[in-house]
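Listed here are the chains, written in short residue letters.
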Amino acid sequence: MSERIQPVKGTHDILPEEQGVWGRVRAAASSILPLYGYREIATPMFERAELFERSVGVATDIVEKEMYTFADSKGRRIALRPEGTAGVVRACVHHGRLRAHPLDKLYYLGPMFRRERPQKGRFRQFHQLGVEAIGEPSATLDVEVIALLARLLTACGVDRVELQINSVGCSECRPAYRDALVSALSARRAELCGDCRRRLTTNPLRLLDCKVPTCGEITASAPELVDHLCDGCRDHLATVEQGLTDLGVAYRLNPRLVRGLDYYTRTAFEAIAEGLGAQAAVAAGGRYDGLVEELGGTPTPAIGFAIGLERLVTLMEDGGEDPPLPLFVAALGDAAHRHALKLVEAVRGAGVAVEMDHSDRSLKAQLKRADRLKARRAVILGEEELAAGEATVRDLLAHSQARYPLADLAARLIEEERP
Ligand code: HAM
């Protein structure tokens, strides 16, 4: 036997037995998102690397350390997408959508790629359900978007989640805060971890998010962004908080919440779930009022979020077992097999699920398989049945059986299985 090929570290298969719960996520998305006016968009899984450098930011972990990049045959740098927002904004600008759709509400579901150290809840290929609402600066849109996230989580039966929100300010107030933070932390530079010493010059806000305990202690007394917001950002945050309270959406203001992507402005939020361990954010997002312009469009405010689906499904109750199969056909001998094949094709053509046995195993073995498939009825085509021009139709739950003439077997089975 040849050596087995291992899957790539940090990737995982989603087996048929697990598809039920993923299907429930897709069903929740496709029933709830249209209620809020979102339409599906699909963008490529790879893009010019520059797209993510300009949007997510060159000084972020995602771009610095985690992107899968390669050169195409013309030497252009390509990256597997580490997230969905940049591609959606690129697509909107490219297709000139924003003129025709003053508020473009879009959603996507698909795989993302980050070369992170794999651990529980952290993969190198993972899936996101993301929404982006592009074209509106009002804080009431932020409220609507956060309420939508809460509704999606509830619809998936995930309720032990804390919604944390913060404002990360804007280009007007953030630079002064950044300076205040850097001067407060510079005095203790030597005690910071290596990453944070570097971040102090490249991306100081990320220090607030460092998981190294000593860095946490040092930044605990650092100045907070909420105290440095400009009037516009402060009012915006107050309106978001009021709106969430009005809607009864529970949240906690976390003044230390910062995001690992550079494009955020004003509102930032995360849904932190109980039971996920260290990787506790099941969803995250925020406003990105400068991104459309950064990617070559006319200045257009926007907000969105993405749910990490691997994390979401681990929080969901297993949706139970596969549905039972209405019919199973057991056939004995070549003539019976030919008959069976015609029968199952006719039955499927009428929209009824049916499975047949293609082996020449004993009836007992074939019926065992019917049992495993949780078939409700078995159609038995044996030599004796065929000679009599009939089939035995056995009710596997009631343990009763009857003979049906072959002439109208398909029609009767279809009739009986129709809802
Ligand atoms: P993010 O916080 O980088 O934001 O990712 C969003 C969610 O994706 C996380 O909260 C987490 O549930 C999941 N996730 C991230 N990385 C991994 C991983 N390595 N393994 C498993 N799950 C992961 C964004 O990606 C933004 N694009 C969200 C957004 C949309 N902001 C505005 N619009």
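As the structure is a prediction and not an experimental result, all values here were calculated from the model.

Quick word on unusual backbone geometry
Stage number 1. Unusually for a residue other than glycine, Arg266 sits at a positive phi of about 55 degrees.
Stage number 2. Tracing the chain through its elements places Arg266 in strand β9 (residues 265-273).
Stage number 3. Positive phi outside glycine occurs at His399, with the angle close to 55 degrees.
Stage number 4. Looking at where His399 falls in the secondary structure, it is placed in the loop between β15 (390-395) and β16 (400-405).

So, the site of the ligand
Stage number 1. What surrounds the ligand is a group of 26 residues, the closest being Glu83, Glu116, Arg259, Tyr264 and Ala281.
Stage number 2. Between the ligand and Thr85, the relevant distance is 2.9 Å, taken from a nitrogen atom to a side-chain nitrogen or oxygen of the residue.
Stage number 3. Between the ligand and the protein, one listed contact pairs a nitrogen atom with a side-chain N or O atom of Glu132 at 2.8 Å.
Stage number 4. Coverage of the ligand by the protein amounts to 96% of the 660 Å² it exposes when considered alone.
Stage number 5. Of all the secondary structure elements, the ones that give two or more residues to the shell around the ligand are β6 (125-134), β10 (281-287) and β11 (302-308).

What to know about the nonpolar core
Stage number 1. Core analysis: the biggest nonpolar cluster contains 97 residues, and Ile307 and Leu312 have the highest contact counts within it.
Stage number 2. Here this core takes 10 residues from helix α6 (residues 139-155), the largest share from any one element.
Stage number 3. Those residues in contact with Ile307 that sit more than four places away from it in its chain are His127, Gln128, Leu129, Leu149, Leu152, Leu153, Val282, Ala283 and Leu312.
Stage number 4. Core analysis: the next-biggest nonpolar cluster, separate from the first, contains 20 residues, Val329, Ala331, Met356 and Leu381 among them.

Some words on the sheet that holds strand β2 (residues 46-48)
Stage number 1. With antiparallel pairing, three strands are arranged side by side in an open sheet as β2-β4-β3. Edge positions in the open sheet fall to β2 and β3 (69-71), since each of these has one partner strand only. Averaged over all pairs of adjacent strands, the angle between strand axes in this sheet comes to 35 degrees, irrespective of strand direction.
Stage number 2. Note that β2 and strand β4 (residues 77-80) share three bridges and pair antiparallel. Of the residues in β4, the one forming a bridge with Arg48 is Ile78.

Details of the packing of α6 against helix α10 (residues 231-247)
Each packed pair of helices is defined by two parameters, the angle between the axes and the distance between the axes.
Stage number 1. At a minimum axis separation of 8 Å, α6 and α10 run at an interaxial angle of 45 degrees. Between α6 and α10, the interaxial angle falls into the category oblique. For the pair α6 and α10, the sense of crossing is right-handed. Contacts from Ala139, Asp142, Val143, Ile146 and Ala147 in α6 reach His236, Thr239, Val240, Gly243, Leu244 and Leu247 in α10.
Stage number 2. Among the residues making up the contact of α6 with α10, the classes are represented as seven nonpolar, three polar and one charged.

Conventions we followed
- Residues numbered from 1 in each chain as written.
- Predicted model: local features only at pLDDT ≥ 70, side-chain atom pairs only at ≥ 80, totals over all residues.
- Heavy atoms only, no water.
- Helix = DSSP H or I, 4+ residues; strand = E, 2+ residues; numbered from the N terminus.
- Near = heavy atom within 4 Å.
- Polar contact = N/O pair within 3.5 Å; in protein donor to acceptor, adjacent residues only side chain to side chain.
- Areas by Shrake-Rupley, 256 points an atom, 1.4 Å probe, with all protein chains shown as cover.
- Core = buried A, V, L, I, M, F, W, Y, C linked by side-chain atoms within 4.5 Å.
- Buried < 20%, exposed > 50% of the residue type's maximum accessible area, 1.4 Å probe, protein only.
- Contact = heavy atoms within 4.5 Å.
- Pairing = 2+ DSSP bridges.
- Axes fitted to C-alpha atoms, helices over the stretch in contact; angles between N-to-C directions.
- Parallel < 35°, antiparallel > 145°, perpendicular 65-115°, else oblique.
- Left-handed = near helix turned anticlockwise from the far one by under 90°.
- Nonpolar A, V, L, I, M, F, W, Y, C, P; charged D, E, K, R; others polar.

The quantities given are spatial measurements derived from coordinates; they are silent on function.
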